[in-house]
Amino acid sequence: MNHWLFKSEPSSFSFQMLKAKGKPGQEWDGVRNYAARNNMRAMTVGDLCFFYHSQSGLDIVGIVRVIAPAHAERGSDDPRWECVDVRAETAMPQPVTLAAIKDNRKLAEMALVKNSRLSVQPVSHAEWVEVCRMGGLAPAPASKE
DNA sequence: GCCAACGTTGGC
DNA sequence: GCCAACGTTGGC
């Protein structure tokens, strides 16, 4: 089980919109960055990921589950770009703000802080547990190795 | 709305 | 294969 973080502007695609898609979920399409794509390639079905709202919100609002491994993006004629499918798993009882993450010394190494431009990022196990705790999810869901 | 950071593109 | 130009992202 690995952990990741997806970023999205809620005005174009929010956690609520993913939630509305229900069990079939949604392709995480539109990624045009190799590092982000490579992170999606490294995902396996069942991985749990944070959903972060950029631009407005600036907080981690929920958890999503990977339900299909990376595949060519439907509707793209450029074979370089791949995406996984995800569905909403659970909302954070208490959204975890970027400000709170920056204030937490345990989270100083998070890509969200260090490389804010990366739209799909890895999250370490320790970071996962800490953010879940801050968000009112304890014990962290499926944090078993 | 501004601006810094950074990734991609394309000419050489 | 380098690097300047350019476009995009995202926090403030």
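Everything quoted here is computed from the prediction, not taken from an experiment.

Asker: Can you explain the overall build of chain A? Please cite residues and give values.
Answerer: Helices and strands together make up the secondary structure of chain A, namely 5 helices and 6 strands. In chain A, the order of α-helices and β-strands from amino to carboxyl end is β-α-β-α-β-β-β-α-α-β-α. Relative to the 2.2 N^0.38 estimate, which gives 15 Å for 145 residues, the radius of gyration of chain A is 14 Å and therefore close to what a compact globule would have. Reported as C-alpha extents along the three principal axes, the dimensions of chain A are approximately 45 × 30 × 30 Å. Here chain A holds 145 residues, and 47% of them are scored as buried. By sequence separation, contacts in chain A at least 24 residues apart represent 67% of the contacts at least 6 residues apart.

Asker: Please set out helix H5 (residues 125-134) residue by residue, giving values where relevant.
Answerer: Inspection of H5 places Glu127, Trp128, Glu130, Val131 and Cys132 among the buried residues, and these make up the whole buried set. Packed against the buried residues of H5 are strand S1 (3-8), strand S3 (48-53), strand S4 (59-72), strand S5 (82-97) and strand S6 (120-123). A positive backbone phi angle near 85 degrees is found at Gly136, which sits one or two residues after H5.

Asker: For the packing of aromatic side chains, give the residues involved together with the corresponding values.
Answerer: Taken as a whole and assessed by the stated rule, the structure comprises 7 aromatic pairs. Between Phe13 and Trp28, the ring centres sit 6.1 Å apart and the planes meet at 80 degrees, which makes this aromatic pair edge-to-face. Note that Phe13 is positioned in the loop between S1 and helix H1 (15-21) and Trp28 in the loop between strand S2 (26-27) and helix H2 (34-41), a separation of 15 residues in sequence. You'll find Phe13 and Trp28 in the same group, each marked buried. Cluster of aromatic residues (ring-pair linked, three or more members): Phe6, Phe13, Phe15, Trp28 and Phe51.

Asker: Tell me about the nonpolar core, and please be specific about residues and values.
Answerer: The nonpolar side chains of a soluble globular protein tend to be buried with one another. If you look at the biggest cluster of nonpolar residues, it comprises 21 residues, and the most contacted ones within it are Phe6, Trp28 and Met40. Listing elements by their share of this core, those giving two or more residues are S1, H1, H2, S3, S4 and S5. Sorting elements by how many residues they give to this core places S5 first, with 4 residues. Those residues in contact with Trp28, other than ones at most four positions away along the chain, are Phe6, Lys7, Ser8, Phe13, Met40, Phe51, Cys83, Val84, Val86 and Val120.

Asker: Could you give me a rundown of the pattern of salt bridges, with the residues and numbers involved?
Answerer: Throughout the structure, instances matching the rule amount to 9 salt bridges. With a closest N to O distance of 3.7 Å, Asp85 and Arg74 form a salt bridge. Taken together, the residues Asp85 in strand S5 and Arg74 in the loop between S4 and S5 connect sequence positions 11 residues apart. Of the residues examined, Asp85 reaches a relative accessible area of 13% and is grouped as buried. Taking the shortest distance from any N to any O, the salt bridge between Arg133 and Glu130 comes out at 2.8 Å. Linking Arg133 with Glu130, this pair stays in helix H5, spanning 3 residues, or about one helical turn. Salt bridges here are not isolated pairs; linked through shared partners, they connect Glu27, Arg74 and Asp85.

Scoring rules and cut-offs
- Residues numbered from 1 in each chain as written.
- Chains lettered and ligands numbered in written order.
- Predicted model: local features only at pLDDT ≥ 70, side-chain atom pairs only at ≥ 80, totals over all residues.
- Heavy atoms only, no water.
- Helix = DSSP H or I, 4+ residues; strand = E, 2+ residues; numbered from the N terminus.
- Rg over C-alpha atoms; globule rule 2.2 N^0.38 Å.
- Buried < 20%, exposed > 50% of the residue type's maximum accessible area, 1.4 Å probe, protein only.
- Contact = heavy atoms within 4.5 Å.
- Phe/Tyr/Trp six-rings, centres within 6.5 Å; stacked < 30°, edge-to-face > 60°.
- Core = buried A, V, L, I, M, F, W, Y, C linked by side-chain atoms within 4.5 Å.
- Salt bridge = Lys/Arg side-chain N within 4 Å of Asp/Glu carboxyl O.

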